[in-house]
Structures are given as structure tokens and as C-alpha cells.
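# Commentary on secondary and tertiary structure
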Amino acid sequence: MKLKGSLPVIPTPFYNCKIDFDSLLRLFDHLFPELDGYTLGGSTGESVSLSLEERRELMKFAVENTPTGKTIVAGLTHTNLQEIIALARHASELGIRAGLLPCPYYFPNSLDMVLEFFKALDRATDLEIVLYDNPLYTKTWLRAEELFTILDACPHMTGVKMTDHDLNKITALKENRNVVVFSGDDVVAFRSLLLGVDGSMIIAPSVFPAAYQSVVRLLGQGNQADALREFSDHILPFIHLFGPGDEISNTKALFKELGIFRSDEARLPLLPCTPERLREVMLAYEQCMSNSDTRARSPAIQA
């Protein structure tokens, strides 16, 4: 079966500078059973601030503690290709479904550089790979035709996480290639769903699992108006206020406030959420939850 579904990118909880696995278990309890799985150790998971051993340990813990039938995608972002390959092989050995990998960052990339990079990984592992199209951070802007070239050259690359706001690329990928496409930015999540993405790798589903899945189900039934109303009432106020730019620290602070995380620690260079930002985030969160309470009490909706 093809990779699909709501697979939110989750933050990595820390306590006293170490991964807080107890908090991660509470996050799993919060996510499930509603969601299809999650994406571990991506940008939101501060992958670039984790050691190779921490990333291996995180993958192993995730596999051992994720409910049966739920999908795990592991972030593979790194500046060292051999360590990317080692992470991909480790994920494959553990039974993780897929890896998420952006274009190499730091050096200015040409298409040939990116193509050789992905081909080398594809030859070295049998893990399914999702290309993380994130031009803002990688400074590599790929047109749809260039994505086709990479996908055609890499048999294990079966999906694209679309963070680029050029959403015409979603349509091009869906119409011209048998490739799975994931929404990759909360800001354009609903429009991406309208364009027929196969799933979402964003933050919002991890905060509002039930509401997000309700939106997905309504769209699957062809009910766009009710889906938009659900999204606007129960998710959109949060998206307006929680980011972008400081969304990792803000999400951690929110989870701490909700009792899911023991700490809101982030690793430098990220800075903790300020009290002022937390008040804004909580204002939006509470508005979404208040809307949910109002809906539940409405006789018209219950009928």
C-alpha cells in the first residue's frame, strides 16, 4: 500500500539536555488513535541538533512504542551522506516505513549535484524515501520538471513533501507521476488538501488530532464547505498565531502547558518560547477548543 495519511511532524522533547522519552509516550497517547502515524526527527524534531546515536535511539524507541498499524516516517536530514545512509539503513532494519530527506544544504546546489546526492542514497538503501521539497531552508528551488528528473532516477523515492508554496507543483506531480504528495506547510494546509494531497506532514494534526481527521474525512466525502468550516473553527486560529519561524519552541511550550511535555526545552540555537508568545499561542489554542465545545453543545449539530 502506498504511503499516505496524516503523519504530523512531531517535536523531540528534552529534559535536562537529554531526550525525554516519558514525554514522548504522552505525546503518542495524545496522537492516537485518531492519526495515521507521525514523522519523527524532522525539522520540527530538531534533527540537526541530535547526535547520530540519539537519532538511532529515538527511532528504536518509536518503533517499540508506537501502536500497531501506525506509520512512522523518520527524518534523515544531515550534511554527511554516509551518516544519512547509516540512518536510512537503521530505519529500514527497524521496520520504519520511510525516510524524509531534503536537498543537501549549505553548498549552492545545481540539479546535477542534487541528482547525484539522491541517486547515491537510493543505491545504498532499500528504504522508501520522501523528498522534502523545502526551498526556504535548503536554498534549492526545484521546478516540477526537475522533481520528475530526480524521481525517475531514484526507484525508492516514492513521495514528495511539498513545503514550497508553488502549489501548482502538487497538481503537476499528481497528474504526471504516480507519486505520493504530502502537504508540508500548515499555512497552506487546507488548499493543499483541496488539491488532493495524499496526506499531511505538518504540525497542526499533532495539536488537534480529532479535528484534523474530521476535516480529512469531510473532504473525502466531497463536503468542502463543512470541511472548511471545521478547519476554520477548530484549527485555523492556531495556525494564525503559532508560527512560522518560532513554531518549534511554541509547540513545545504548548505541549508543556497541556501537561504532555515535562519541559519546553529546545536546543541552541533555538530559543525558548517567551511568556508573551505563549499567551498568544494559548489564546489561539483556547479559541479552537472553545469552538469545539460550542459545536458539541449545539442541538442543531448533534441532530
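Residues numbered from 1 in each chain as written. Predicted model: local features only at pLDDT ≥ 70, side-chain atom pairs only at ≥ 80, totals over all residues. Heavy atoms only, no water.

Further remarks concern the overall build of the protein chain. Helices and strands together make up the secondary structure of the protein chain, namely 15 helices and 10 strands. Scaling as 2.2 N^0.38, a compact globule of 303 residues should have a C-alpha radius of gyration of about 19 Å, and the protein chain matches this with 19 Å. Dimensions of the protein chain along its principal axes, counting C-alpha atoms only, are 60 × 45 × 35 Å. Going through the 303 residues of the protein chain one by one, you find that 54% of them count as buried. The long-range fraction of contacts in the protein chain, counting pairs at least 24 apart against all pairs at least 6 apart in sequence, stands at 69%. (Helix = DSSP H or I, 4+ residues; strand = E, 2+ residues; numbered from the N terminus. Rg over C-alpha atoms; globule rule 2.2 N^0.38 Å. Buried < 20%, exposed > 50% of the residue type's maximum accessible area, 1.4 Å probe, protein only. Contact = heavy atoms within 4.5 Å.)

The amide bond that connects Phe 32 to the next residue, Pro 33, takes the cis arrangement and shows omega of 20°. Checked against the element boundaries, Pro 33 lands in the loop between helix H1 (21–31) and strand S4 (37–40). In the segment running from Leu 268 into Pro 269, the intervening peptide bond is cis, with an omega of 15°. Mapped onto the secondary structure, Pro 269 falls in the loop between helix H13 (247–257) and helix H14 (275–297). Residues other than glycine seldom take positive phi values, yet Glu 46 does so here, at roughly 55°. Within the fold, Glu 46 resides in the loop between S4 and helix H2 (52–65). In this model, Lys 139 sits at a positive phi of 60°, which is unusual for a non-glycine residue. Residue Lys 139 is classed as exposed on the basis of its relative accessible area of 62%.

Attention now moves to the pattern of salt bridges. Tallied over the full model, the rule gives 16 salt bridges. A network of salt bridges, in which partner residues are shared, links Lys 2, Lys 174 and Asp 198. (Salt bridge = Lys/Arg side-chain N within 4 Å of Asp/Glu carboxyl O.)

This brings us to the sheet that holds strand S8 (residues 157–162). Pairing in this open sheet of eight strands is parallel, and the strands run S1-S10-S9-S8-S7-S6-S5-S4 from one edge to the other. Both outer strands of the open sheet, strand S1 (5–6) and S4, are each paired with one neighbouring strand and no more. Across four bridges, S4 lies against strand S5 (residues 71–75) in parallel orientation. Looking at S5, one finds that Thr 39 is bridged to Val 73. (Pairing = 2+ DSSP bridges.)

The next subject is the environment of Lys 60. Examined against the element boundaries, Lys 60 turns out to sit in helix H2. Considered as a pair, Lys 60 and Ile 96 are 36 residues apart in the sequence and their alpha carbons are 9.3 Å apart. There is a polar contact of 2.6 Å between the side chain of Lys 60 and the side chain of Glu 64. (Polar contact = N/O pair within 3.5 Å; in protein donor to acceptor, adjacent residues only side chain to side chain.)

When pLDDT is averaged along the protein chain, the result is 94, and 96% of the positions lie at 70 or above. Ignoring residues within four places in sequence, the model shows residues 297–303, a span with pLDDT below 50, making three contacts including any to other chains. (pLDDT = per-residue confidence, 0-100.)

In this section: the nonpolar core. Residues Tyr 38, Leu 76, Phe 118, Ile 150, Leu 173, Ile 235 and Phe 238 are the most contacted members of the largest nonpolar core, which totals 97 residues. The contact partners of Leu 76, leaving out residues within four places of it in the chain, are Arg 55, Met 59, Ile 84, Leu 87, Ala 88, Gly 99, Leu 100, Leu 101, Leu 127 and Ile 129. (Core = buried A, V, L, I, M, F, W, Y, C linked by side-chain atoms within 4.5 Å.)

Glancing now at the packing of helix H4 (residues 111–124) against helix H6 (residues 144–153). Look at H4 against H6: their axes get within 9 Å of each other, and the N-to-C directions meet at 25°. On the basis of their axis angle, the class for H4 and H6 is roughly parallel. Read as a crossing pair, H4 and H6 show a hand that is right-handed. Between H4 and H6, the residues in contact are Leu 111, Val 114, Leu 115, Phe 118 and Lys 119 and Glu 146, Thr 149, Ile 150 and Ala 153, respectively. Looking at side-chain class alone, the contact of H4 with H6 contains six nonpolar, one polar and two charged residues. (Axes fitted to C-alpha atoms, helices over the stretch in contact; angles between N-to-C directions. Parallel < 35°, antiparallel > 145°, perpendicular 65-115°, else oblique. Left-handed = near helix turned anticlockwise from the far one by under 90°. Nonpolar A, V, L, I, M, F, W, Y, C, P; charged D, E, K, R; others polar.)

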